[in-house]
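# Reading the structure
So you can see what is in the structure, the chains are spelled out below.
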Amino acid sequence: MYVCLCKNVTDSDIEAAVANGCGNMRELKSALGVGSQCGRCTSHAREVLYEAKQTA
Ligand code: FES
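An account of the accompanying structure is given in this report. Model, not experiment: these values are computed from the prediction.

For the rest of this paragraph, the subject is the overall build of the protein. Counting its secondary structure elements, the protein contains three helices and two strands. Of the regular secondary structure in the protein, the N- to C-terminal order runs β-β-α-α-α. The C-alpha radius of gyration of the protein comes to 10 Å, within 12% of the 10 Å expected for a compact globule of 56 residues. On the principal axes, the C-alpha backbone points of the protein span a range of 30 × 20 × 15 Å.

So, about the nonpolar core. If you look at the biggest cluster of nonpolar residues, it comprises 15 residues, and the most contacted ones within it are Val 3, Ile 14, Leu 28, Val 34, Ala 45 and Leu 49. Taken together, the elements giving at least two residues each to this core come down to β1 (2-4), α1 (11-19), α2 (25-32) and α3 (42-55). Of all the elements, α3 adds the most residues to this core, at four residues. Apart from the residues lying within four places of it in its own chain, the contact partners of Leu 28 are Ile 14, Ala 17, Cys 22, Gly 33, Val 34, Ala 45 and Leu 49.

Let us now look at α1. Listed as buried for α1 are Ile 14, Ala 17 and Val 18. An end-on view of α1 places all buried positions within 100 degrees of arc, on one side of the element.

Cut-offs used in this document
- Residues numbered from 1 in each chain as written.
- Predicted model: local features only at pLDDT ≥ 70, side-chain atom pairs only at ≥ 80, totals over all residues.
- Heavy atoms only, no water.
- Helix = DSSP H or I, 4+ residues; strand = E, 2+ residues; numbered from the N terminus.
- Rg over C-alpha atoms; globule rule 2.2 N^0.38 Å.
- Core = buried A, V, L, I, M, F, W, Y, C linked by side-chain atoms within 4.5 Å.
- Buried < 20%, exposed > 50% of the residue type's maximum accessible area, 1.4 Å probe, protein only.
- Contact = heavy atoms within 4.5 Å.
- Arc of directions from axis to C-beta.

Written out as structure tokens, the structure is:
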């Protein structure tokens, strides 16, 4: 499912980024561009990030 429409980022993209070492929103933003355009996805992206970290 898409999390960030501006940058075409899905929840699986975020999970993969976490598996590759992204640990916070700043790193996720520089790796995938999430939240770097309209910013509306930021809170959902943060939830997906923390969920991925818990299951990693
Ligand atoms: Fe992610 Fe716009 S939906 S920056």
